[in-house]
Amino acid sequence: MYIDQRQLSGRDMERFYHIATAGLVILFSGLLFVFWNIQVIQHDRYGELARQNIYRQIRTPALRGLIRDRHNRLLAGNRLDFNLFLVRENSHNLDASIRFAAQVTGLPPAAIQKRLEAHRGYPAAFPVPIRRNLNLRQVVIVQSRSDTLPEFELSVEPCRDYPLGNTAAHVLGYVSGITEAELKEKTRQGYHAGDVIGKSGLEKQYEPVLKGTKGARLVIRDNLGIVRRIAEEEEPVPGDNISLTLDLPLQQFVESEFQNHTGALAVADLETGGILALVSHPDFDPGTFTGILEPANWESLLNDPLHPLQDRFIRGRYSPGSVFKLVMALAGLEEGLITPRTTVNCSGTVRIYDRDFRCWRSWGHGRVALTEALRGSCNIYFYELGKRMDIDVIAEYAKAMGLGDQTGIDLPGEISGIMPTRFWKTRQLGSPWYPGETISVAIGGGWVTVTPVQVLQMVSTIALRGRCPQLHLLDRIERRDQELYRYEPRFRKLPIRPEYFENVIRGMFCAVNEEGTGRAARVPGLDICGKTGTQQIISKDNPRYNELVKQKRFRPHAWFASFAPRTDPRYAVIVLVEHGGEAGEIAAPLAARVYRRLLKHE
């Protein structure tokens with residue numbers, strides 16, 4: 001069957017011509033509008049997109065300021081590391097990119113995938129850190145494939161370096177990558193994703209001083225995303241350097257003496273309040289955090305039962321035990337409740353408020369005055385004094401001496417401890433204060449808890465006869481060897497008569513030098529004054545006490561708070577050994593070894 005073909009008339013041809021012409025006009029008008037829109041109306045937008053394809057601004061990190069000891073010995077510095085990054089928008093096959101990165105770095109593909117997922121909220125152009133501190137072989141492999149794998153970037157960046165490993169770990173702290181929460185808080189302070197920030201210790205405390213100012217580099221890339229040249233560059237400005245009050249050889253000596261113990265030990269310069277040595281043990285290697293910390297390593301640190309990340313010096317909360325008797329003695333003297341000659345008969349037990357309170361020496365000390373009570377650490381003497389004192393008055397003196405409140409030392413995260421009052425117990429526990437509770441407080445028990453830094457401030461205040469020093473670690477700030485700041489020692493005066501401090505100091509001197517509880521701290525040629533404190537974990541009234549204390553976790557904490565010499569004191573030393581046993585047998589000898597080292601190197 002054939003289809004009839006109709007001849008087009010002239011009128012049809014004219015109509016078709018007009019329709020085609022109109023269509024072409026509309027088409028070209030549309031194209032013209034699109035070109036005009038791109039080149040005129042959205043010129044700036046598309047111009048910026050084009051520039052972004054060619055140009056890229058790279059922030060260049062600044063060197064962190066150095067941390068040195070009092071004699072400019074290096075504690076924390078910087079090194080240059082080769083770091084590997086992956087830019088997701090440049091990857092044509094992300095799975096293949098992950099496999100290549102795993103082969104080069106030795107990391108499991110799953111670990112690399114987790115890092116990419118952790119940065120899912122960041123722009124695709126953001127360089128995701130894959131591995132820091134690559135060796136030369138790894139660098140050569142990545143560099144040799146740069147033309148075919150543009151998604152990988154190598155960067156030579158400064159990295160925090162701790163050349164002495166664990167030395168002064170809790171003082172220095174550590175740095176690590178900024179978190180999303182920190183970034184939200186600090187964006188206006190010049191921080192960006194991928195930056196490193198101080199997380200603990202002085203690295204955190206003096207972050208604004210140490211961090212420096214980042215530079216910027218504007219680079220030109222080809223169509224493969226490979227950098228061809230640098231168009232503009234602004235150099236980064238290094239952070240300022242800080243010098244501490246620490247003395248590195250003394251710090252290393254103290255750490256070696258304390259390595260088999262758990263707790264804290266600190267030495268203060270009484271002329272300035274500067275910390276000469278500070279140990280919190282167990283500790284950690286700050287360098288662990290400078291790279292990309294593996295989740296397994298982080299979990300291991302967090303779940304360690306000894307809590308190596310906890311700075312016990314400022315965050316360990318302990319009952320002070322008999323060290324608190326120094327506060328009781330000063331309060332009793334200043335309140336007129338006792339004199340140096342006031343005596344109490346200690347038979348080993350005293351009945352107060354229908355309850356028997358025992359002295360640590362079961363057969364008693366006999367009749368003792370203040371000096372003998374401090375020398376032998378007689379509980380009965382201070383029980384009797386506690387019976388005559390109000391808990392709020394005791395708290396007032398304790399806080400004046402630095403107990404139960406933050407000291408203000410320049411370390412982040414310091415806690416307060418507890419110095420109970422009537423109001424405190426009502427607010428916290430909803431019950432009234434009972435007089436019998438004051439008896440326990442009188443020998444550093446009950447609800448009282450303190451930190452080692454508070455005890456150091458207390459004993460320093462006694463040594464200086466009522467001048468309470470501001471303890472500190474920063475000595476000076478320098479920029480290119482020019483001093484910007486130097487710490488000026490600060491002291492506050494307590495309203496307690498100087499002669500009362502002398503009365504207490506005599507008891508402390510006798511405790512060490514006249515066969516008292518601190519006699520193991522005696523060092524010939526150095527008039528050490530000290531006070532022991534043995535804080536029981538379980539009561540001696542427990543019928544299984546002798547059996548249980550064979551287990552370390554049931555042994556008492558051992559304190560020794562001291563200073564030397566007796567006249568014109570120069571040093572204060574505190575020792576806390578967790579579950580160390582009798583203070584006179586463990587804490588006092590440790591202090592003696594520190595004092596011998598100080599005497600030898602004066």
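Residues numbered from 1 in each chain as written. Predicted model: local features only at pLDDT ≥ 70, side-chain atom pairs only at ≥ 80, totals over all residues. Heavy atoms only, no water.

1. Comments concerning the packing of helix H3 (residues 94-105) against helix H5 (residues 136-144)
- For the pair H3 and H5, interaxial distance at closest approach is 9 Å and the crossing angle is 150°. Taken together, the axes of H3 and H5 lie roughly antiparallel to each other. Contacts between H3 and H5 pair Phe100, Val104 and Thr105 from the former with Gln138, Ile141 and Val142 from the latter.
- Partitioned by chemical class, the residues of the contact of H3 with H5 number four nonpolar, two polar and no charged. (Axes fitted to C-alpha atoms, helices over the stretch in contact; angles between N-to-C directions. Helix = DSSP H or I, 4+ residues; strand = E, 2+ residues; numbered from the N terminus. Parallel < 35°, antiparallel > 145°, perpendicular 65-115°, else oblique. Contact = heavy atoms within 4.5 Å. Nonpolar A, V, L, I, M, F, W, Y, C, P; charged D, E, K, R; others polar.)

2. Remarks on the side chain of His472
- Of note, His472 is situated in the loop between strand S17 (467-469) and strand S18 (474-479).
- Judged by its relative accessible area of 4%, His472 is buried.
- From its side chain, His472 meets the backbone oxygen of Thr272 in a polar contact 3.2 Å long.
- With residues up to four places along the chain from it excluded, the contact list for His472 reads Thr245, Thr272, Gly273, Gly274, Ile275, Ile409, Asp410 and Tyr487. (Buried < 20%, exposed > 50% of the residue type's maximum accessible area, 1.4 Å probe, protein only. Polar contact = N/O pair within 3.5 Å; in protein donor to acceptor, adjacent residues only side chain to side chain.)

3. Overview of the packing of aromatic side chains
- Inspection of the entire model under this criterion finds nine aromatic pairs.
- Relative to Tyr383, the ring of Phe357 lies with its centre 5.2 Å away and its plane at 55°, an arrangement referred to as tilted. In this pair, Phe357 is assigned in strand S15 (residues 355-358) and Tyr383 in helix H15 (residues 379-387), connecting sequence segments 26 residues apart.
- Through a chain of ring-to-ring contacts, three or more aromatic side chains come together here, namely Tyr174, Phe284 and Phe289. (Phe/Tyr/Trp six-rings, centres within 6.5 Å; stacked < 30°, edge-to-face > 60°.)

4. Some thoughts on the domain arrangement of the protein chain
- For the protein chain, the assigned domains are domain 1 (58-119 + 126-244) and domain 2 (248-296 + 309-600).
- Between the C-alpha centres of domain 1 and domain 2 the distance comes to 43 Å.
- Between domain 1 and domain 2, the contact holds 41 residues from the first and 35 residues from the second.
- Carbon and sulfur atoms supply 58% of the area buried between domain 1 and domain 2, which totals about 3,200 Å² over both sides.
- Where domain 1 meets domain 2, there are two salt bridges.
- The salt bridge partner of Arg479 is Asp240, with a shortest N-O separation of 2.7 Å. (Domains from an automatic or database assignment. Buried area = accessible area lost by both parts, 1.4 Å probe. Salt bridge = Lys/Arg side-chain N within 4 Å of Asp/Glu carboxyl O.)

5. Considering the side chain of His281
- Among the structural elements, His281 can be located in strand S12 (residues 274-281).
- Of the polar contacts made by the side chain of His281, one reaches the backbone oxygen of His261; its length is 2.7 Å.
- Here His281 is in contact with Phe258, Gln259, His261, Thr262, Gly263 and Arg312, once residues within four sequence places are set aside.

6. Things to note about the pattern of salt bridges
- Following the criterion strictly, the structure yields 27 salt bridges and no others.
- Close ionic contact of Asp392 with Arg422 constitutes a salt bridge, the shortest N to O distance being 3.9 Å. Linking Asp392 in helix H16 (residues 391-400) with Arg422 in helix H17 (residues 422-429), this pair joins segments that are 30 residues apart in sequence.
- A residue is classified by how much of its surface remains accessible, and Arg422, at 37% relative accessible area, is partly exposed.
- Residue Arg486 is joined to Asp475 by a salt bridge in which the shortest nitrogen-to-oxygen separation is 3.7 Å. Separated by eleven residues along the polypeptide, Arg486 in strand S19 (residues 482-486) and Asp475 in strand S18 bring together distant segments of the chain.
- Classification of Asp475 by relative accessible area gives buried; the value is 16%.
- Overlapping salt bridges, with partners in common, bring together Arg68, Asp475, Arg476, Glu478, Glu483 and Arg486 in one network.

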